[in-house]
Amino acid sequence: MTMIYGTTSRRIVLCSTTTTSPAAAAAGSSSSSSIRVRAGRRAKPLPPLRCASSGMEPSAGTALYPLHRCKTLYLVRHAQGIHNVAGEKDFNAYMSQDLFDAQLTPLGWSQVDGLREHVKKTGLANKIELVITSPLLRTMQTAVGVFGGENYTDGVSAPPLMVENAGHSGRPAVSSLNCPPFLAVETCREHLGVHPCDKRRSITEYRPLFPAVDFSLIENDEDVLWEPDVREANESVALRGMKFLDWLWTREEKEIAIVSHSGFLYHTLSMYSKECHPTIRDEVGKHFANCELRSMVLVDRSMLGSDSPSLNYPGKIPAGLDLPSDIADQKQEAQKK
């Protein structure tokens, strides 16, 4: 396991474990003007952790953390959307109103199917306790397609995660049975502003399309965060990402999948990997490909707010003396004198 150093108001460290990339080319992001984002108070920098350096340096080391102070995150960028195709041909296409809240392409859905197969084959489908998704059409389509239940059957009492042909997908409905809960969170959205593809629909429009997705944490029905003439700055995206990871510590779940966007993931992870060895920084901080999944470990170093160690066992049963051998030897010598 390799360690990545970063600090926030809760002194959180991201640790890279495995990287799975079943998809195509990574996409870039751009920004110009800034947007106001409230950030938490920053703690004093912690001493750097030793980062693994692929065996090339003798100082390479390892680190241990209590399990109950860690969360495992499965970070996913959405599959290919119609805006990705148009933007690769002409960057100015990102300004087109035709790309408003862009949906997945047929290739994007193929990428979803590939990642879904990987998640089931590796056993991740049985480990994930919660799926958090950015509330845009392409991220929600990706989230339910990868982590949702099987095809929905009429007559089942549970509402579907996605109805048939949602977002002109041509896809069957997706069941909410035998899968984790899905929660829409605005904090993990893409760069805000200017590009219509990054503006969401109203929650009133989304609810009939994604009946079993929980939108309760979104305060406004309409998209009040997106502005037509102000593009969110990279620094603000990174601060928003750090705030999002702080918020994850309020959740009880330990294994969480997060379906988000290239810019959000890139700038957030780049913030955490700044002080790591270049090989680790490159692995964590590079742009995500469409429908790429990377597994990370989130570590709370503040010793605050972590749950009690439910898997630990106190030992020393039955009650009685249980001295370490070196202390026992000392006591025995003392008794002889």
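Criteria and cut-off values
- Chains are numbered independently. Their residues run from 1 in the order of the written sequence.
- Where totals are concerned, whole chains, interfaces and linings use all residues; where local detail is concerned, this predicted model gives features only for residues with pLDDT of at least 70, and gives and counts side-chain atom pairs only at 80 or more.
- To get the side-chain values, take all heavy atoms of the structure and skip hydrogens and water.
- Here a pair means two rings of Phe, Tyr or Trp (six-membered ring of Trp) with centres within 6.5 Å. Their orientation is stacked below 30 degrees between planes, edge-to-face above 60, and tilted elsewhere.
- Categorising residues by exposure relies on relative accessible area from a 1.4 Å probe, with only protein chains included: less than 20% of the type maximum marks a residue as buried, more than 50% marks it as exposed, and the intermediate range marks it as partly exposed.
- Segments assigned H or I by DSSP are reported as helices when at least four residues long, segments assigned E as strands when at least two residues long, and all are numbered from the N terminus.
- Here the expected span of a helix is defined as 1.5 Å times the quantity of residues minus one.
- The reported arc concerns the directions from the helix axis to the C-beta atoms and nothing else.
- In what follows, a contact means two residues having at least one pair of non-hydrogen atoms within 4.5 Å.
- Here the rule is simple: two strands pair whenever DSSP picks up at least two bridges between them.
- Per-residue confidence from the predictor is reported as pLDDT, which spans 0 to 100.
- Here, nonpolar core means buried Ala, Val, Leu, Ile, Met, Phe, Trp, Tyr and Cys residues that are tied together by side-chain atoms lying within 4.5 Å of each other.
- We call two N or O atoms a polar contact when they sit within 3.5 Å, provided that within protein one can donate a hydrogen and the other can accept it, with sequence-adjacent residues counted only if both atoms are side-chain atoms.
- What counts as an axis is a line fitted to C-alpha atoms, over the stretch in contact for a helix, and the angles between N-to-C directions run from 0 to 180 degrees.
- By the definition adopted for this analysis, an angle is roughly parallel if under 35 degrees, roughly antiparallel if over 145, roughly perpendicular if from 65 to 115, and oblique otherwise.
- Charged means Asp, Glu, Lys or Arg here, nonpolar means Ala, Val, Leu, Ile, Met, Phe, Trp, Tyr, Cys or Pro, and polar covers whatever is left, Gly included.
- What makes a salt bridge here is a side-chain nitrogen of Lys or Arg within 4 Å of a carboxyl oxygen of Asp or Glu, nothing more.

Right, let's talk about the packing of aromatic side chains for a bit. Aromatic ring pairs are reported here in terms of the distance separating the ring centres and the angle at which the planes meet. With the rule as written, the count across this model stands at 4 aromatic pairs. Taken together, a centroid distance of 6.2 Å and an interplanar angle of 5 degrees make the contact between Tyr 206 and Phe 215 stacked. Exposure remark for Tyr 206: the relative accessible area of 0% places this residue in the buried category. Ring pairs connect the aromatic residues Phe 244, Trp 247 and Phe 264, which therefore count as one cluster.

What follows concerns helix α2 (residues 106-121). For α2, spanning 16 residues, the distance from its first C-alpha to its last is 23 Å, which sits close to the expected 22 Å at 1.5 Å a residue. Within α2 the residues assigned to the buried category are Gly 108, Trp 109, Gln 111, Val 112, Leu 115, Arg 116 and Val 119. Projected down its long axis, α2 shows its buried positions confined to an angular sector of 150 degrees, all on one face. With respect to the buried face of α2, the exposed residues turned more than 90 degrees away are Pro 106, Glu 117 and Lys 121. Those residues of α2 that are buried lie in contact with β3 (70-77), α3 (124-127), α4 (137-147) and β8 (293-300).

Right, let's talk about the pairing of strand β4 (residues 130-133) for a bit. The alternating pattern of β4 places Leu 130 and Ile 132 and Val 131 and Thr 133 on opposite faces, both of which are buried. Where β4 meets strand β5 (residues 182-184), 3 bridges bridge the pair, whose relative direction is parallel. Each bridged residue has a counterpart across the sheet, and for Ile 132 the counterpart in β5 is Leu 183.

All right, on to the confidence of the model for the protein then. On average, the protein scores 82 in pLDDT, and the residues at 70 or more come to 75%. Below a pLDDT of 50 lies the segment residues 1-11, which in the model reaches 68 contacts outside its immediate sequence neighbourhood of four places, other chains included.

Our focus in this paragraph is the nonpolar core. Core analysis: the biggest nonpolar cluster contains 34 residues, and Phe 147, Phe 182, Phe 210, Val 213, Phe 215 and Leu 293 have the highest contact counts within it. Sort the elements by how many residues they give to this core and α4 lands first, with 6 residues. Excluding its chain neighbours within four sequence positions, the residues that come into contact with Val 213 are Val 144, Leu 161, Phe 182 and Ala 184. One finds Leu 130, Ile 256, Leu 265 and Met 296 within the second-largest nonpolar core, a separate group that totals 25 residues.

So, on to the pairing of β3. Most of β3 is tucked away, with 8 of its 8 residues classed as buried. Residues of β3 alternate between two faces, with Cys 70, Thr 72, Tyr 74 and Val 76 on one and Lys 71, Leu 73, Leu 75 and Arg 77 on the opposite face, all of them buried. Note: β3 against β8, 7 bridges, orientation antiparallel. What sits directly across from Leu 73, in β8, is Met 296. Sheet topology places β3 next to strand β7 (residues 255-260); 6 bridges connect them, and they run parallel. Bridge pairing in β7 links Arg 77 to Ser 260.

Position of His 191 among the secondary structure elements: in the loop between β5 and α5 (203-209). Only 3.0 Å separates the side chain of His 191 from the backbone oxygen of Glu 232, close enough to count as a polar contact.

On to the packing of helix α6 (residues 234-248) against helix α7 (residues 262-272), then. Closest axis-to-axis distance for the α6/α7 pair is 8 Å, and the angle between their directions is 75 degrees. Taken together, the axes of α6 and α7 lie roughly perpendicular to each other. Contact with α6, carried on its side by Asn 234, Val 237, Ala 238, Arg 240, Gly 241, Met 242, Phe 244 and Leu 245, involves Gly 263, Phe 264, His 267, Thr 268, Met 271 and Tyr 272 of α7 and no other residues of that element. Residue composition of the contact of α6 with α7, grouped by class: 8 nonpolar, 5 polar and 1 charged.

This part is about the pattern of salt bridges. Where side chains of opposite charge bring their charged atoms close, a pairing between them can arise. Counted under the stated rule, the structure contains 12 salt bridges. Linking Asp 223 and Arg 189 is a salt bridge whose minimum nitrogen-to-oxygen distance equals 2.7 Å. A residue pair is termed long-range when its members are at least 10 positions apart, and Asp 223 in the loop between β6 (213-214) and α6 and Arg 189 in the loop between β5 and α5 qualify at 34 residues. Here the salt bridges share partners, and the residues they tie into one network are Glu 186, Arg 189, Arg 200 and Asp 223.

Attention shifts here to the environment of Pro 66. The residue Pro 66 is located in the loop between β2 (12-20) and β3 in this model. For Pro 66, a relative accessible area of 40% translates into the label partly exposed. Taking the C-alpha atoms as reference points, Pro 66 and Arg 301, 235 residues apart in sequence, are found 9.9 Å from one another.

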